[in-house]
Amino acid sequence: MGDLFIRKTIILPWTEEWEKLYRQEEKLLKEILNEELVDIFHIGSTSVQAIGYAKPIIDILIVVKDIKKIDFYNEELGKYGYKPKGENGIPGRRYFPKGNENRTHHVHIFQVGNQNIKTHLNFKDYLMKHPEDAKRYGEFKLELAVQYPENHYKYQAEKQEFVNELVKRAKNAH
C-alpha cells in the first residue's frame, strides 16, 4: 500500500455556509471562464438542503461553448488551487478538484448539449421536489460513512448504487 492515500469520509449536517461558499466560487469562476461560460450551477448534496447531510465539498457544474478551449484555462485555474484532471473517466468532461486531501470544491465542466448536464440538473431538481427521497439519501450516506469511515472508495461504490436508482427516478419524472 505504501504511498496510497486513503481519503476519509466526512459527512456533516447541511449548512447555509455551503451556499455562500458556492457564490464566492461562482463569482471567481465566472471571471476566469468569462469568454467560454454559458451557465454555472451549484449541484450535489451541498446544494439540496432536504438531503440534510453531505461531504463538505461544493460541486459546481459549468456549461461552456467549447470544451476543448477549457484546457487553455488550466494554468489560470491552477493559480486558485484547481488541479486539472482532464476527463477523469467521463468523456467530454473537464474536471478540477480543489484542496488536495482536504477537498473543498469539485468543478465539472461540460460543453453545451452534453447529456451529463441534464442528468445532473434533473437529479438536483428531483431531490428538491421529493424531499423524502432526499432525506433517505442523506441518511443512507450517514450510515455508509459510519460503516466505512476509513474507506472512501467503498463508501463511494455503495453510494453510487443508491444514486443510480435516484437518477432513474429523476429521468422518469422528466
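Use the structure listed above.
Nothing here was measured: the structure is a model prediction, and the numbers come from that model. (Residues numbered from 1 in each chain as written. Predicted model: local features only at pLDDT ≥ 70, side-chain atom pairs only at ≥ 80, totals over all residues. Heavy atoms only, no water.)

> What exactly am I supposed to notice about unusual backbone geometry here?
What you tend to see is this: most non-glycine residues have negative phi, and most peptide bonds are trans. Positive phi values are uncommon outside glycine, yet N88 reaches one of about 45 degrees. Along the chain, N88 turns up in the loop between helix 2 (74-79) and strand 5 (93-98). (Helix = DSSP H or I, 4+ residues; strand = E, 2+ residues; numbered from the N terminus.)

> I'm lost on the sheet that holds strand 2 (residues 37-43) in this one. Help?
The pairing of strands in a sheet comes from backbone hydrogen bonds and takes either a parallel or an antiparallel form. Pairing within the open sheet is mixed, and its 4 strands lie in the order 2-4-6-5. The two strands at the open ends of the sheet, each matched to only one other strand, are strand 2 and strand 5. The average angle at which neighbouring strand axes cross in this sheet is 20 degrees, direction not considered. Here 6 bridges tie strand 5 to strand 6 (residues 105-111), and the two strands are oriented antiparallel to one another. Looking at the pairing, R94 lines up with I109 of strand 6. The strands that helix 1 (residues 17-32) touches are strand 2, strand 4 (58-64), strand 5 and strand 6; relative to strand 2, the one it contacts most, it runs at about 165 degrees. (Pairing = 2+ DSSP bridges. Axes fitted to C-alpha atoms, helices over the stretch in contact; angles between N-to-C directions. Contact = heavy atoms within 4.5 Å.)

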